[in-house]
Number of protein chains: 2
Amino acid sequence: MASLIDPTGTAFLLAESRTMPMHVGGLHLFERPEGAGRDYGRQMYESMRDVDEVAPLFLKRPHRSLTTAGQLVWVEDDQFDIEHHVQHGALPQPGRVRELLELAGRLHSTRMAWERPLWEATVIEGLRDGRIALYTKTHHALVDGISAMRLLQSVLSTDGERTAMPAPWDARTRRTSSSTSGSAAPPQATDLTDLPLRTLRSALAIAGEAAGLPAALARTVTRGVRNETSAISLHAPRTIFNQKITGSRRFAAQDWPVARLRGIGKATGTTINDVVLAMCAGAVRAYLLELDALPDAPLVAMVPVGLNARQANAASTDGGNAVGSVMCRLGTDLPDPADRLRTIHASMTDGKQALSTMTPAQILAMSALGQAPAIIAPLLRLEGMMRPPYNLIISNVPGPRTTHYWNGARLVGTYPLSIPINGMALNITCTSYDGRLAFGLIGCRRTVPHLQRMLGHLDTELTALERAAGVT
Amino acid sequence: MASLIDPTGTAFLLAESRTMPMHVGGLHLFERPEGAGRDYGRQMYESMRDVDEVAPLFLKRPHRSLTTAGQLVWVEDDQFDIEHHVQHGALPQPGRVRELLELAGRLHSTRMAWERPLWEATVIEGLRDGRIALYTKTHHALVDGISAMRLLQSVLSTDGERTAMPAPWDARTRRTSSSTSGSAAPPQATDLTDLPLRTLRSALAIAGEAAGLPAALARTVTRGVRNETSAISLHAPRTIFNQKITGSRRFAAQDWPVARLRGIGKATGTTINDVVLAMCAGAVRAYLLELDALPDAPLVAMVPVGLNARQANAASTDGGNAVGSVMCRLGTDLPDPADRLRTIHASMTDGKQALSTMTPAQILAMSALGQAPAIIAPLLRLEGMMRPPYNLIISNVPGPRTTHYWNGARLVGTYPLSIPINGMALNITCTSYDGRLAFGLIGCRRTVPHLQRMLGHLDTELTALERAAGVT
């Protein structure tokens, strides 16, 4: 009945505290299908709730007892109650995106109890434009952030006419994908729920080893982090982001056409990812300036990168992605957007070059930092350091390029919610979908005030970069 | 800056765990004022949120540090953020009372973090009949359940035309009540926020001493609880209510005209409280029968009672109420409603008689059990006992008899949410208001399934009692 929890899963469970819940989230926006009525939100909720057989992954809860010698194991929740996990919510008037982000931030703030399987999903109605949102929450011990995003995608279809599609936690998911393999089902419809847990958390496979890091290697990591002479600089100024956090969250999200970022990249000889980082850099600069909290020295972002281009799209399969991390200088000391983009491009090029010359142990050390900061944080005592190794984490994970549907409801946007930790109060995770690049910003509600302002700054920066690149 | 937390408050903080949050709640239903628009929910939310100066009681958070020698103290939250505490929520379609109770149960399930003042309030819109609900949540370390209910009442007015009325946490509350004392303000408008904390928790004043109970007295309590020969029997059969609980809650609430209960009381020579208990007894019997879980032996309810009638209405002043407890046999083994009511009446009469002959130390022991089960539970290991001392707690606290308003919005119902604990998975708290008797049932979502059914059973039982009393 009981099965072992792998070291990474265990580490995420043990690292969890009231102020640092270790779950990742996704906010997904759907358009109602043609002719759907006023009660469509309830219909969607009911079809997500009324599942005949729930997949095993969604029935497991962590358990520790005398009989397991104190070790954490997965056991099946024999009193599973899907109404606890699949919820139905609504937005107050006027039902703007603002109210939606507020609710998503609140839902993301509460820690999940170990007495039940570690996932929740909330169908949210009440958006004034009639769209329906789905907020999903999955513990990092169960799946990593990327796989959590893919969980929903795995049950979507490119066929807007398809019906009788299962919820991500439906045991039918496996059978459905098998029966449609080679047919109209998109490549993303790989059945994740059927994969072994260690594969599901593939992006963390290496970090998983890091969790069991022997003391000698841990010392190496620590030295690496604190070594100014390293090829990858890990020094960053102290900012408001690098403080102890509370358990309360605020969420901000918005998307922009990928074509606009691509245009800037083409005109300046930089990558889309460089432009993403430049947008973040400009936004963070403007945000900190407004708060009169911009340090003189440039901020450093930790940016997870794939080790080679071929792997970059293989997030949820065995190949893994984002197994290395680059410390990127964001040029927040430079007033000119073009200068910041150039600095970022150079920093990323250097970093990836350095990564390619690193030994596996060094890459492991980097990965451990990048992929599992929550696990490594106690090791490094990030919040206690005079100068943090980096100021914030910015991830960018490619997603599906085509339009997807769930039972005729078109997915129009999908935004990730990651994990702030002590010393890293702000996390920016980006993902692309259907020609748009979505930014999901999650911060400690107290440490990172007025997070919504960052969205305006991102927009301003995108326009400024276009102007600087001469593509407007 | 720091102030000591009294022993009861400390005990409630220390007794708290993820599965047993120690807060009490209130669900209050308001009718929109004449001519109020579609955005009235937002208006009410904003006037609850936009408070110039928050009263000191609502700015305190518990704190423990080296400088306080490990002792818990109250400190002012110097980063107080009212948007964290005053929230704006909404119900999904179709916006029935069912959706409201579901949301209230969810809101009541989450534990409050000690890093902030221990209270929350949520203005809830989306009821299809246009009413607006307010859910309030206050930690038991701050105020007891009765005072928590009174907190809202303390700012209400009997004058439906009055405007510019403050929220309960507004520092103006004190000034307003002072300026109106002797005027149209109702007696309930006593300013609670200005009272010292120990007075606010007056109903727990004696239990407070019990928390610091010396070992010898603790032994007395234990003996009393386990002593079959005691005047107050404390033996009860084992039921599904007497199990370990989870942190997830379900809430059910409804009210009935006091006149109907009074009619039964008059015709049968029993009190309104006896009829309340008989309704609960019949409902619990029907509920357990449906689940095939009714024990042969009758269930026992712990019923807090005032030591004399004069004190019964003085819940929130220094006099205190409910300082004793009666163990009431509910007659759940009897199929006839009239027999159950007779049994309950006799049991309550005996119990009150026994209480009046008890020594102060005995009453203290009873009170400790009744008022602070959460504190005493670890002492008694309720959930570990073969036979629990009682099966559930049923409280009935009188409230205002006249119609009250908040800025022109008429309060049409007010329902208490209390605290289930390990071994006591169901709590029923009743209160009267404006001619109606409101029942608030709160249970562990897992241990007490289908709690909503109890409302139907309560209604059925009231009708059956009327028929039995010949008053229909």
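Keep in mind it's a predicted model, so treat the numbers as computed, not measured.

1. Topic: the overall build of chain A
Line of reasoning, step 1. For chain A, the helix and strand inventory stands at 15 helices and 15 strands.
Line of reasoning, step 2. In chain A, which comprises 472 residues, the share counted as buried stands at 62%.
Line of reasoning, step 3. On chain A, roughly 17,900 Å² of surface is accessible, and the fraction owed to carbon and sulfur atoms is 51%.

2. Re the pattern of salt bridges
Pairing between side chains of opposite charge can happen when their charged atoms approach one another.
Line of reasoning, step 1. Inspection of every chain in the model, using the stated rule, returns 40 salt bridges over all chains.
Line of reasoning, step 2. A salt bridge links Arg445(A) to Asp81(B), with the nearest nitrogen and oxygen atoms 3.7 Å apart. On the criterion of chain membership, the pair formed by Arg445(A) in the loop between strand S15 (436-444) and helix H15 (453-469) and Asp81(B) in the loop between strand S4 (73-76) and helix H3 (82-85) is interchain, its members lying in two chains.
Line of reasoning, step 3. Classification of Arg445(A) as buried rests on a relative accessible area of 4%.

3. Quick look at the relation of the copies chain A and chain B
Line of reasoning, step 1. Each copy of the sequence occupies a distinct position, and chain A is placed on chain B by a rotation of 180° and an axial shift of 0.0 Å, giving an RMSD of 0.0 Å. The superposition of one copy onto the other is thereby described by a two-fold rotation axis. Of every C-alpha in chain A, the one belonging to Ala90(A) sits nearest the axis of rotation, 2.6 Å from it.
Line of reasoning, step 2. Counting the interface residues of chain A, we find that 100% of their copies in chain B are interface residues as well, pointing to one common contact surface.

4. Considering the nonpolar core
Residue and element names in this part refer to chain A.
Line of reasoning, step 1. Within the largest apolar cluster, 120 residues are counted, with the highest numbers of intra-cluster contacts made by Leu-27, Trp-169, Phe-439 and Leu-441.
Line of reasoning, step 2. In terms of residue count, the dominant contributor to this core is helix H11 (residues 272-290) (eleven residues).
Line of reasoning, step 3. Formed jointly, this core draws a minimum of three residues from each of two domains, domain 1 (3-193) and domain 2 (211-397 + 420-469).
Line of reasoning, step 4. Non-local contacts of Trp-169, meaning those with residues more than four positions away in its chain, are made with Met-48, Val-51, Glu-53, Val-54, Ala-55, Phe-58, Ile-82, Val-86, Trp-119 and Ala-121.

5. Section: the sheet that holds strand S3 (residues 60-63) of chain A
Backbone hydrogen bonds hold the strands of a sheet together, and the pairing may be parallel or antiparallel.
Residues and elements named next belong to chain A.
Line of reasoning, step 1. Read from one edge of the open sheet, three strands run S1-S4-S3, paired in antiparallel fashion. Strands at the two margins of the open sheet, each flanked by one partner only, are strand S1 (3-4) and S3.
Line of reasoning, step 2. Of the strand pairs in this sheet, S1 and strand S4 (residues 73-76) are connected by two bridges, and their pairing is antiparallel. Bridge pairing in S4 places Leu-4 opposite Val-73.

6. Overview of helix H11 (residues 272-290) of chain B
Residue and element names in this part refer to chain B.
Line of reasoning, step 1. Counted at 1.5 Å a residue, the expected span for H11 with its 19 residues is 27 Å, and the 27 Å between its end C-alpha atoms agrees.
Line of reasoning, step 2. Within H11, 14 of the 19 residues are buried, leaving the element largely enclosed by the surrounding structure.
Line of reasoning, step 3. Directly after H11, the chain includes Asp-292, whose backbone phi takes a positive value near 55°.

7. Observations concerning the interface of chain A and chain B
Line of reasoning, step 1. Contacts between chain A and chain B engage 36 residues on the former and 36 residues on the latter.
Line of reasoning, step 2. Of the roughly 2,800 Å² buried between chain A and chain B, counting both surfaces, carbon and sulfur atoms make up 36%.
Line of reasoning, step 3. By the criterion of area lost to chain B, the three top residues of chain A are Arg18(A), Gln93(A) and Arg446(A), representing 25% of everything that side buries.
Line of reasoning, step 4. Summed over the shared surface of chain A and chain B, the result is six salt bridges.
Line of reasoning, step 5. Salt-bridge contacts for Arg42(A) lead to Glu99(B); the nearest nitrogen and oxygen are separated by 3.0 Å.
Line of reasoning, step 6. Here chain A is connected to chain B by 20 residue pairs in polar contact (both at pLDDT 80 or more).
Line of reasoning, step 7. If you list the elements that add at least two residues to the side of chain A that touches chain B, you get helix H3 (82-85), strand S5 (86-90) and helix H4 (97-109) of chain A.

8. Side note on the packing of aromatic side chains
Line of reasoning, step 1. For the structure shown, the criterion picks out twelve aromatic pairs over all chains.
Line of reasoning, step 2. Among the aromatic side chains, those forming a connected cluster through ring pairs are Phe58(A), Phe80(A), Trp119(A) and Trp169(A).

9. Overview of the side chain of Asp274(B)
Residue and element names in this part refer to chain B.
Line of reasoning, step 1. Looking at the secondary structure, you find Asp-274 in helix H11.
Line of reasoning, step 2. Exposure remark for Asp-274: the relative accessible area of 2% places this residue in the buried category.
Line of reasoning, step 3. Those residues within four positions of Asp-274 in sequence are excluded, and the remaining contacts are Leu-341, Ile-344, His-345 and Met-348.

10. Considering the sheet that holds strand S1 (residues 3-4) of chain B
Line of reasoning, step 1. Taken in spatial order, the three strands of this open sheet run S1-S4-S3 (chain B), and their pairing is antiparallel. In this open sheet, the two strands that pair with only one neighbour each are S1 and strand S3 (60-63) of chain B.

11. A word on the environment of Ile82(A)
Residues and elements named next belong to chain A.
Line of reasoning, step 1. Along the chain, Ile-82 falls in helix H3.
Line of reasoning, step 2. Taking the relative accessible area as the measure of exposure, Ile-82 reaches 16% and is therefore buried.
Line of reasoning, step 3. Expressed as a C-alpha distance, the spacing of Ile-82 and Val-276, which sit 194 residues apart in the sequence, is 38 Å.
Line of reasoning, step 4. If near-sequence neighbours (up to four positions away) are discounted, Ile-82 is found in contact with Met-48, Arg-49, Val-51, Val-54 and Trp-169.

12. Structural notes on the packing of H11(A) against H15(A)
Two measures define how a pair of helices packs: the angle their axes make with one another and the distance between the axes.
All names here are of chain A.
Line of reasoning, step 1. One way to put it is that H11 packs onto H15 with a least axis distance of 8 Å and a crossing angle of 125°. It follows that H11 is oblique to H15 by the angle criterion. By crossing handedness, the relation of H11 to H15 is classed as right-handed. Taken together, the residues of H15 that come into contact with H11 (itself represented by Val-275, Ala-278, Met-279, Cys-280, Gly-282, Ala-283, Val-284, Ala-286, Tyr-287 and Glu-290) are Arg-453, Met-454, His-457, Leu-458, Glu-461, Leu-462 and Leu-465.
Line of reasoning, step 2. Broken down by class, the residue content of the contact of H11 with H15 amounts to twelve nonpolar, two polar and three charged.

13. Quick look at the confidence of the model for chain A
Residues and elements named next belong to chain A.
Line of reasoning, step 1. Confidence in the prediction for chain A averages 79 pLDDT; 75% of positions are at 70 or higher.
Line of reasoning, step 2. Within the model, pLDDT remains below 50 along residues 176-231, and this stretch shows 102 contacts once partners closer than five positions in the same chain are excluded.
Line of reasoning, step 3. For residues 368-375, every residue scores under 50 in pLDDT, and the model assigns this stretch 31 contacts once sequence neighbours within four places are set aside.
Line of reasoning, step 4. Interface predicted TM-score (ipTM) for the complex: 0.77; the corresponding pTM is 0.82.

14. Details of the environment of Lys266(A)
All names here are of chain A.
Line of reasoning, step 1. Checked against the element boundaries, Lys-266 lands in helix H10 (residues 258-268).
Line of reasoning, step 2. On the accessibility criterion, Lys-266 (69% relative accessible area) is exposed.
Line of reasoning, step 3. In sequence terms Lys-266 and Ala-469 are 203 residues apart; their C-alpha atoms lie 9.1 Å from each other.

15. Notes on unusual backbone geometry
Line of reasoning, step 1. The omega torsion across Gln93(A) and Pro94(A) is 0°, close enough to zero to call that bond cis.
Line of reasoning, step 2. With respect to the helices and strands, the residue Pro94(A) is situated in the loop between S5 and H4.
Line of reasoning, step 3. Phi is positive for Asp292(A), close to 55°, though the residue is something other than glycine.
Line of reasoning, step 4. Turning to its location among the elements, Asp292(A) is positioned in the loop between H11 and strand S9 (300-305).
Line of reasoning, step 5. The backbone of Asp434(B) sits at a positive phi, close to 50°, despite the residue not being glycine.
Line of reasoning, step 6. Within the secondary structure layout, Asp434(B) lies in the loop between strand S14 (426-433) and strand S15 (436-444).

16. Description of the pairing of strand S7 (residues 132-139) of chain B
Residues and elements named next belong to chain B.
Line of reasoning, step 1. The element S7 is extensively covered by neighbouring structure, given that eight of its eight residues are classed as buried.
Line of reasoning, step 2. The alternating pattern of S7 places Ile-132, Leu-134, Thr-136 and Thr-138 and Ala-133, Tyr-135, Lys-137 and His-139 on opposite faces, both of which are buried.
Line of reasoning, step 3. The pairing of strand S2 (residues 23-31) with S7 spans eight bridges and is classified as antiparallel. Bridging from a neighbouring strand, Gly-26 pairs with Thr-136 of S7.

Parameters and conventions
- All residue numbers refer to positions counted from 1 along the written sequence of the respective chain.
- Chain A is the first chain written and ligand 1 is the first ligand written, with later ones labelled in order.
- Only residues with pLDDT of 70 or above have their local features reported here, since the model is predicted, and side-chain atom pairs are shown and tallied only from 80 upward, although totals for entire chains, interfaces and linings are computed over all residues.
- In computing side-chain properties, one takes all heavy atoms of the structure into account and sets aside hydrogens as well as water.
- Here a strand is any run of E in DSSP of at least two residues, a helix any run of H or I of at least four, and the numbering for each starts at the N terminus.
- Between buried and exposed lies partly exposed: a residue is buried under 20% and exposed over 50% of the maximum accessible area for its type, with that area taken using a 1.4 Å probe on protein chains only.
- Shrake-Rupley sampling with a 1.4 Å probe provides the accessible areas, and residues are treated as covered by the protein chains on show and by no other component.
- Between Lys or Arg on one side and Asp or Glu on the other, a salt bridge is scored when a side-chain nitrogen of the former is within 4 Å of a carboxyl oxygen of the latter.
- Residues reaching a pLDDT of at least 70 in both copies supply the C-alpha atoms on which the copies are superposed by least squares.
- For this analysis, residues touch if any pair of their heavy atoms sits within 4.5 Å.
- Residues grouped as a nonpolar core are buried Ala, Val, Leu, Ile, Met, Phe, Trp, Tyr and Cys residues, joined through side-chain atoms within 4.5 Å.
- The domain limits used here are those given by an automatic or database domain assignment.
- Any two strands are treated as partners once DSSP identifies two or more bridges connecting them.
- Helix span, expected: 1.5 Å multiplied by one less than the number of residues in the helix.
- When two parts are brought into contact, each loses some accessible area as probed by a 1.4 Å sphere; the total of that loss over both is the buried area.
- Between N or O atoms, a polar contact is any pair within 3.5 Å; within protein, one atom must be a potential hydrogen donor and the other a potential acceptor, and residues adjacent in sequence are included only when both atoms are from side chains.
- The aromatic pairing rule takes the rings of Phe, Tyr and Trp, using the six-membered ring of Trp, and pairs them if the centres are within 6.5 Å, calling planes under 30 degrees apart stacked, those over 60 edge-to-face and the rest tilted.
- Helix axes use the C-alpha atoms of the stretch in contact, all axes being lines fitted to C-alpha atoms, and the angles between their N-to-C directions lie in the range 0 to 180 degrees.
- Between 65 and 115 degrees an angle is taken as roughly perpendicular, under 35 as roughly parallel, over 145 as roughly antiparallel, and anywhere else as oblique.
- What makes a crossing left-handed is the near helix being turned counterclockwise from the far one by less than a right angle; a clockwise turn instead makes it right-handed.
- Gly is placed with the polar residues, together with every amino acid not listed as nonpolar (Ala, Val, Leu, Ile, Met, Phe, Trp, Tyr, Cys and Pro) or charged (Asp, Glu, Lys and Arg).
- How sure the predictor is of each residue is captured by pLDDT, a score from 0 to 100.

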